[in-house]
Amino acid sequence: MVIKQVMVIGAGQMGSGIAQVCAAAGYDVYLHDLKKEFVERGLAGIEKNVQRLVDKGRLSVEEKAGLLERIKPSADLQNAKEVDVVIEAAVENMEVKKQLFAELDQIAPSHAILATNTSSLPITEIAAATSRPEQVIGMHFMNPVPVMKLVEIIRGLATKDEVYAAIETMAKELGKVPVEVNDFPGFISNRVLMPMINEAIFTLYEGVASKEAIDEVMKLGMNHPMGPLQLADFIGLDTCLYIMETLQEGLGEDKYRPCPLLRKYVKAGWLGKKTGRGFYEYS
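Just so it is clear, the structure is predicted and the values come from calculations on it, not from any experiment.

Some words on the overall build of the protein
Assigned secondary structure in the protein consists of 11 helices and eight strands. Over its C-alpha trace the protein gives a radius of gyration of 19 Å, about what one expects of a compact globule, namely 19 Å for 283 residues. Taken along its principal axes, the extent of the C-alpha atoms in the protein is 55 × 45 × 30 Å. Expressed as a percentage of its 283 residues, the buried residues of the protein come to 48%. Across the protein, every contact between residues at least 6 apart in sequence was considered, and the portion connecting residues at least 24 apart equals 67%. Accessible area for the protein stands at about 13700 Å²; split by element, carbon and sulfur atoms hold 53% of it. If the 31 positive side-chain charges of the protein are averaged to one point and the 38 negative ones to another, these points end up 4 Å apart.

This is the structure we're talking about:
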């Protein structure tokens, strides 16, 4: 299958990053969101990121212009009629994703692959909302997308080998390292990472040590670039809670029970860096 035209749904940090790397690899990209102003904000972020590469001498002015020209704004889902692959990076909510994939199934060409950037939700369940479950696949990028090399590629129950091969090839063309994963809650990355973060929160909750001490131990003792509590703030505590709930529900084990302190912070609206306060404060 030849992939030329891509639609990225969701112009937030993840979606904008995916659109940027797709355009950098030579694909024509629709960057889509519900409102024009969301798309414009995403495009402004991409331009800022790309200008940084120019300033560092890693991209020429001409390459920057070509990259930006390949990204077209979209606030009309009907633009999916023209694409070979859709990569959905919308809100991490199963009902929203199922509704969106059902709509895309009606709009996108019959050959088009429908991919989701979900970080933890079952691909098989999302695929069941379409009449083409064999062409639905998970394509989980890491944040920040232009920097991080990994892409988890998740097969749903019905995903065809040809579809997997096409997305694997695409990931390599984006300069990423694809890793094949089967469809289990949290896949690999979040099934391993989130319980570690949750345990760090329990350690704080139980008074074992201060937040600074917990993060310092993991940075200096385990060589992690960022402590788990600081990382939770960067991910978003609401996202951490949602993934832990998905793991607990999907795997049915008490070891995935979210820490009460995590729930309390989310209820307080202390969601991390994006709200100015989580385990740490951000000006």
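Considerations on the pairing of strand S4 (residues 85-88)
Neither face of S4 is open: one carries Val85 and Ile87, the other Val86 and Glu88, and all of them are buried. As paired strands, strand S1 (residues 5-9) and S4 are joined by four bridges and run parallel to one another. Residue pairing for S4: Val6 is matched across the bridge by Val85. For S4 and strand S5 (residues 113-116), the ladder comprises four bridges, and the chain directions are parallel. Bridge assignment links Glu88 to a residue of S5, and that residue is Thr116. Regarding topology, helix H4 (residues 94-107) serves as the crossover connection from S4 to the parallel S5, and that connection is right-handed.

What about the pattern of salt bridges?
Any two side chains of opposite charge can pair, given that their charged atoms come close. This structure, assessed with the given rule, holds 15 salt bridges. A salt bridge links Asp161 to Arg155, with the shortest nitrogen-to-oxygen separation between them at 2.9 Å. You can call Asp161 exposed: its relative accessible area is 51%. The exposure class of Arg155 is buried, given its relative accessible area of 18%. Within the structure, one salt-bridge network assembled from shared partners comprises Glu88, Glu92 and Lys97.

Regarding the domain arrangement of the protein
Split by domain assignment, the protein resolves into domain 1 (5-182) and domain 2 (190-273). Its C-alpha centre places domain 1 at a distance of 27 Å from the equivalent point of domain 2. With seven residues of domain 1 at the interface, the matching set in domain 2 holds four residues. Taking both partners together, domain 1 and domain 2 bury about 440 Å²; carbon and sulfur atoms supply 53% of that area. The largest share of the area that domain 1 buries against domain 2 comes from Glu92, Ser119 and Ser120, three residues that together contribute 67% of it.

Things to note about the environment of Tyr205
Its location among the elements puts Tyr205 in helix H7 (residues 189-205). Tyr205 gets classed as partly exposed once you look at its relative accessible area, which sits at 46%. For the pair formed by Tyr205 and Ala89, sequence separation is 116 residues and the distance between their alpha carbons is 32 Å. Ignoring anything within four residues of it in the chain, the contact list for Tyr205 reads Cys259, Pro260 and Leu261.

Cut-offs used in this document
Residues numbered from 1 in each chain as written. Predicted model: local features only at pLDDT ≥ 70, side-chain atom pairs only at ≥ 80, totals over all residues. Heavy atoms only, no water. Helix = DSSP H or I, 4+ residues; strand = E, 2+ residues; numbered from the N terminus. Rg over C-alpha atoms; globule rule 2.2 N^0.38 Å. Buried < 20%, exposed > 50% of the residue type's maximum accessible area, 1.4 Å probe, protein only. Contact = heavy atoms within 4.5 Å. Areas by Shrake-Rupley, 256 points an atom, 1.4 Å probe, with all protein chains shown as cover. Lys, Arg positive; Asp, Glu negative; His and termini not counted. Charge placed at Lys NZ, Arg CZ, Asp CG, Glu CD. Pairing = 2+ DSSP bridges. Right-handed = clockwise from strand over helix to strand, strands pointing away. Salt bridge = Lys/Arg side-chain N within 4 Å of Asp/Glu carboxyl O. Domains from an automatic or database assignment. Buried area = accessible area lost by both parts, 1.4 Å probe.

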